[in-house]
Amino acid sequence: MPKNGNSPKTLLDSLDALVEKHHLLKHPFYRAWTEGKLTKESLGLYAKQYYQHVRAFPENLKQLEARTNGSVQKLVRENLAEELHPAAPHPALWRQFARSLDVTDKALDSAQPLPGIAALLDTFDEVAAQGSVAQAIAAFYVYEAQVPEIATQKISGLRRFYGITDPQALAYFAVHEEADVRHREVWREWLTSQQNVDELAVLCAAERGLRALWGALDAVYANGCAAKN
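This text gives an overview of the structure that appears in the document. (Residues numbered from 1 in each chain as written. Predicted model: local features only at pLDDT ≥ 70, side-chain atom pairs only at ≥ 80, totals over all residues. Heavy atoms only, no water.)

For helix α9 (residues 147-162), every residue scored as buried is listed here: V147, P148, I150, A151, K154, I155, G157, L158 and Y162. Each element contacted by the buried residues of α9 is listed here: α2 (28-34), α3 (40-65), α5 (90-100), α8 (133-144) and α10 (167-193). Two residues or fewer past α9, G163 is found with a positive phi of approximately 65 degrees. (Buried < 20%, exposed > 50% of the residue type's maximum accessible area, 1.4 Å probe, protein only. Helix = DSSP H or I, 4+ residues; strand = E, 2+ residues; numbered from the N terminus. Contact = heavy atoms within 4.5 Å.)

Below is the structure:
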């Protein structure tokens, strides 16, 4: 239900406004993906570079878990357990996607991060290890809040324009269509319950995370990821 125009914004309202402002589906790289205008080589570069964030994110959750206790620690552990579920750990699912683009495991493991990717890794590492719990969860929230819709659009583009239809190749995105719906709701509930937090610091951490995610796409788009003619 829309909020009354005279009602003050809550922290969650402000976070959602930041997500809308910096939503990754607005980025030229993802727009080109959903329109079938990227080369396969461009997608391959993306697979190699973004894998580094996919691989690091469980470690970010571990960093936060180590600094928490009680109910919030339980929430972080549940998210982490899903990321690393023995039957389908998310980094392994990403490797299946990369193989569909002829990107080998060796290429994934040896890829050196472009500056925008390195900045993304540093940002999430810093907020997870050094930010307040509210700052870290806000950064995780504004990331995972976008993922289900992005995953749906990626699957559609891969099927329609790039001939990638194997369920194994699409499994990473299929899992995130559903899993991150739950994750974002958990983070939303926790953030809504918080009182006496430094809202400015939380919003700054969230926007920093959003800008780093955008910058990561800038990196792959600028480095050989021009759209197809």
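Attention now moves to the packing of aromatic side chains. According to the stated counting rule, one finds 24 aromatic pairs in the structure shown. Taken together, a centroid distance of 5.8 Å and an interplanar angle of 70 degrees make the contact between W94 and F173 edge-to-face. Placement of W94 in helix α5 and of F173 in helix α10 is noted, with a sequence separation of 79 residues between them. We classify W94 as buried; its relative accessible area is 0%. By the ring-pair criterion, three or more aromatic residues cluster together here, those being F29, Y30, W33, Y46, Y50, W94, F97, Y172, F173 and Y221. The ring of Y50 carries the charged tip of K154 above its face, separated from the ring centre by 5.7 Å. (Phe/Tyr/Trp six-rings, centres within 6.5 Å; stacked < 30°, edge-to-face > 60°. Lys NZ or Arg CZ within 6 Å of the ring centre and 35° of its normal.)

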